[in-house]
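Spelled out, the chains give:
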Amino acid sequence: MKPIGIARAVGSFAEDKDVAAQIREKHVLPAILGSGTVELDFTGVDLATQSFIHALIAQPLGVGGEPALERILFKGCSRPVRGIIETVVQYVLETEDGVAEETSEQSAAPNGGSADAPPHR
Amino acid sequence: MAACAAATKRQQGHQIKGQVADVASLPYLVRMKLFEFLGLDPPRRIVEHEEAGRFIPVTQVKGSGDLKRVISDLVPLLHTESHLADPIRYVISELVRNVIEHAQSECGSFLCAQCFRDQNRVSIGVADSGVGVFQSIHRSHAVRRPGDALCLALTPGISGTTPRIGGNQANAGAGLFFVKSIAKLSHNFLVLYSGNSMYKLLKTPAGQQTMLYAEPRSDRHKLLTDLPEWRGTVVGIDISVSEDKSFAVLLDIIRKAYSLDVKKRKRDYFKGIRFT
């Protein structure tokens, strides 16, 4: 398993979603669709956006579900990068799980369809 | 906004004409390079000082390459420490990528920033003359009024690219929610203006606990309608991150709020991630 160097592709700030999509299509998705494992090496990446990480792993997680987590290895993550990855993973799998399925009509309700959401800190 | 409007009109073949009054803020406007985009000469010359550490002048960003250059230049330009540079880079990336991907703005986006060092605060503005929030959201969601579209755009999980709550493979519909949360957690303002409507996140008073809500109407806010029409989208945000609260801590707080409905959360999926 050859690690995929994220810093080599995007530098210290991972924000280019086009590059994330390229890595997803070339490395992450084939591994999840097959029987392989992929190692994403974030060494040298100080910060990533939620959009970048979403573009990188949301579809593979959607396809493979929670078991896909066993086959994606995240290496060398700084604390902010780790926090963003945890956020995206939780959100994508929660959504895939149908925990909070809503319809478009509900979302367009005057309160945005989530007015009963509790405050979170 | 003025630079964006002028550049858009000039691109459409119009000319900007008129006389510029010698107002007190003229030196500032010249240094922010507003007149370069207006195509007008300022009424007098000013002595320009070094930019580093104070502001990012009005900058036009037309694509991904421009954005990368701006982001790599802005940290040395603002001469700021990492704890403040990270949220600035983050916010500018999310806002400008929104324009690149969704706005269809022919002249791209215009951004500028001002650093208030004594207050540890940075103000950032990004404007475009694209399709606007209403049209962008309306593609996939049954929304009737521009003000409702602004609120939906700020709600996590709502993207104009899909009716599916939670977004699709390319868009989570969370960029503006993160940006709003960054403003709120640092007790600051955020303004989202598009069409004839404006959502303004009001400051959480100092000393009061900041609570993050998925629903933007639950935040202290003003939603103004019947304003002068802005064909496109404008976002203004103030950020201040104290040295004792890193951006990573801020993101941890946002993560806990970034859920469609935490009450129904079944499992902590993130605990299954393999970090090495």
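Just above, that's the structure.
Residues numbered from 1 in each chain as written. Chains lettered and ligands numbered in written order. Predicted model: local features only at pLDDT ≥ 70, side-chain atom pairs only at ≥ 80, totals over all residues. Heavy atoms only, no water.

Visitor: Help me understand the overall build of chain B in this model?
Guide: The secondary structure content of chain B amounts to 9 helices and 8 strands. Scaling as 2.2 N^0.38, a compact globule of 276 residues should have a C-alpha radius of gyration of about 19 Å, and chain B matches this with 19 Å. The principal-axis extents of the C-alpha atoms in chain B amount to approximately 65 × 45 × 35 Å. Across the 276 residues that make up chain B, the buried fraction comes to 55%. Look at the contacts in chain B between residues 6 or more apart in sequence, and 60% of them connect residues 24 or more apart. (Helix = DSSP H or I, 4+ residues; strand = E, 2+ residues; numbered from the N terminus. Rg over C-alpha atoms; globule rule 2.2 N^0.38 Å. Buried < 20%, exposed > 50% of the residue type's maximum accessible area, 1.4 Å probe, protein only. Contact = heavy atoms within 4.5 Å.)

Visitor: How should the pairing of strand S2 (residues 109-116) of chain B be read in this particular structure?
Guide: Residue and element names in this part refer to chain B. Of all 8 residues that make up S2, 6 are buried, and the element is covered over most of its length. Taken together, the 5 bridges between strand S1 (residues 55-61) and S2 define a ladder with antiparallel strand orientation. From the neighbouring strand, Val-61 faces S2, where its bridge partner is Ser-109. Here 8 bridges tie S2 to strand S3 (residues 121-128), and the two strands are oriented antiparallel to one another. (Pairing = 2+ DSSP bridges.)

Visitor: So what exactly am I meant to see when it comes to the pattern of salt bridges here?
Guide: Between side chains of opposite charge, pairing is possible as soon as their charged atoms come close. A full pass over the atoms with the stated rule returns 18 salt bridges over all chains. Beyond isolated ion pairs, a larger network of salt bridges with shared partners links Glu-15 and Asp-16 of chain A together with Lys-68 and Arg-97 of chain B. (Salt bridge = Lys/Arg side-chain N within 4 Å of Asp/Glu carboxyl O.)

Visitor: Looking at this structure, how should I read the sheet that holds strand S1 (residues 4-5) of chain A?
Guide: Backbone hydrogen bonds hold the strands of a sheet together, and the pairing may be parallel or antiparallel. With parallel pairing, the 4 strands of this open sheet are ordered in space as S1(A)-S3(A)-S5(A)-S8(B). Here the strands that pair on one side only, and so sit at the sheet edges, are S1 of chain A together with strand S8 (274-275) of chain B. Relative to S8 of chain B, strand S5 (residues 72-75) of chain A runs parallel, the two being bridged by 2 bridges. For Leu-73 of chain A, the partnering residue across the bridge sits in S8 of chain B and is Arg-274 of chain B. The strands touched by helix H2 (residues 17-33) of chain A within the sheet are S1, strand S3 (38-41) and S5 of chain A, with S3 of chain A carrying the most contacts at an inclination of about 140 degrees. (Axes fitted to C-alpha atoms, helices over the stretch in contact; angles between N-to-C directions.)

Visitor: Is there a simple way to think about the side chain of Ser-194 of chain B in this case?
Guide: With respect to the helices and strands, Ser-194 of chain B occurs in strand S4 (residues 190-195). Excluding its chain neighbours within four sequence positions, the residues that come into contact with Ser-194 of chain B are Gly-132, Val-133, Leu-150, Trp-230, Gly-232 and Thr-233 of chain B.

Visitor: How should I be thinking about the packing of aromatic side chains in this particular structure?
Guide: The geometry of an aromatic ring pair comes down to the distance between the two centres and the angle between the two planes. One pass over the full model with this rule turns up 6 aromatic pairs over all chains. Aromatic pair Tyr-90 of chain B and Phe-178 of chain B: ring centres 6.3 Å apart, planes at 20 degrees, arrangement stacked. Taken together, the positions of Tyr-90 of chain B in helix H5 (residues 82-103) and Phe-178 of chain B in helix H8 (residues 175-185) put the pair 88 residues apart, joining distant regions of the chain. For Tyr-90 of chain B, a relative accessible area of 0% translates into the label buried. Given the relative accessible area of 1%, Phe-178 of chain B is considered buried. Judged by centre distance (6.3 Å) and plane angle (80 degrees), the ring pair of Phe-177 of chain B and Phe-178 of chain B falls under edge-to-face. For the pair shown, Phe-177 of chain B and Phe-178 of chain B are each scored as buried. Grouping aromatic residues by their ring pairs yields a cluster made of Tyr-90, Phe-177, Phe-178 and Phe-247 of chain B. Above the face of the Phe-13 of chain A ring, Arg-89 of chain B is positioned so that its terminal group lies 5.0 Å from the ring centre. Above the face of the Phe-116 of chain B ring, Arg-121 of chain B is positioned so that its terminal group lies 4.3 Å from the ring centre. (Phe/Tyr/Trp six-rings, centres within 6.5 Å; stacked < 30°, edge-to-face > 60°. Lys NZ or Arg CZ within 6 Å of the ring centre and 35° of its normal.)

Visitor: I would appreciate a short explanation of helix H7 (residues 146-153) of chain B in the present structure.
Guide: Because an α-helix packs 3.6 residues into every turn, residues spaced three or four apart end up facing the same way. Among the 8 residues in H7 of chain B, 7 count as buried, and that is most of the element. All of the buried residues along H7 of chain B are Gly-147, Asp-148, Ala-149, Leu-150, Cys-151, Leu-152 and Ala-153 of chain B.

Read these as geometric descriptors, not functional statements.
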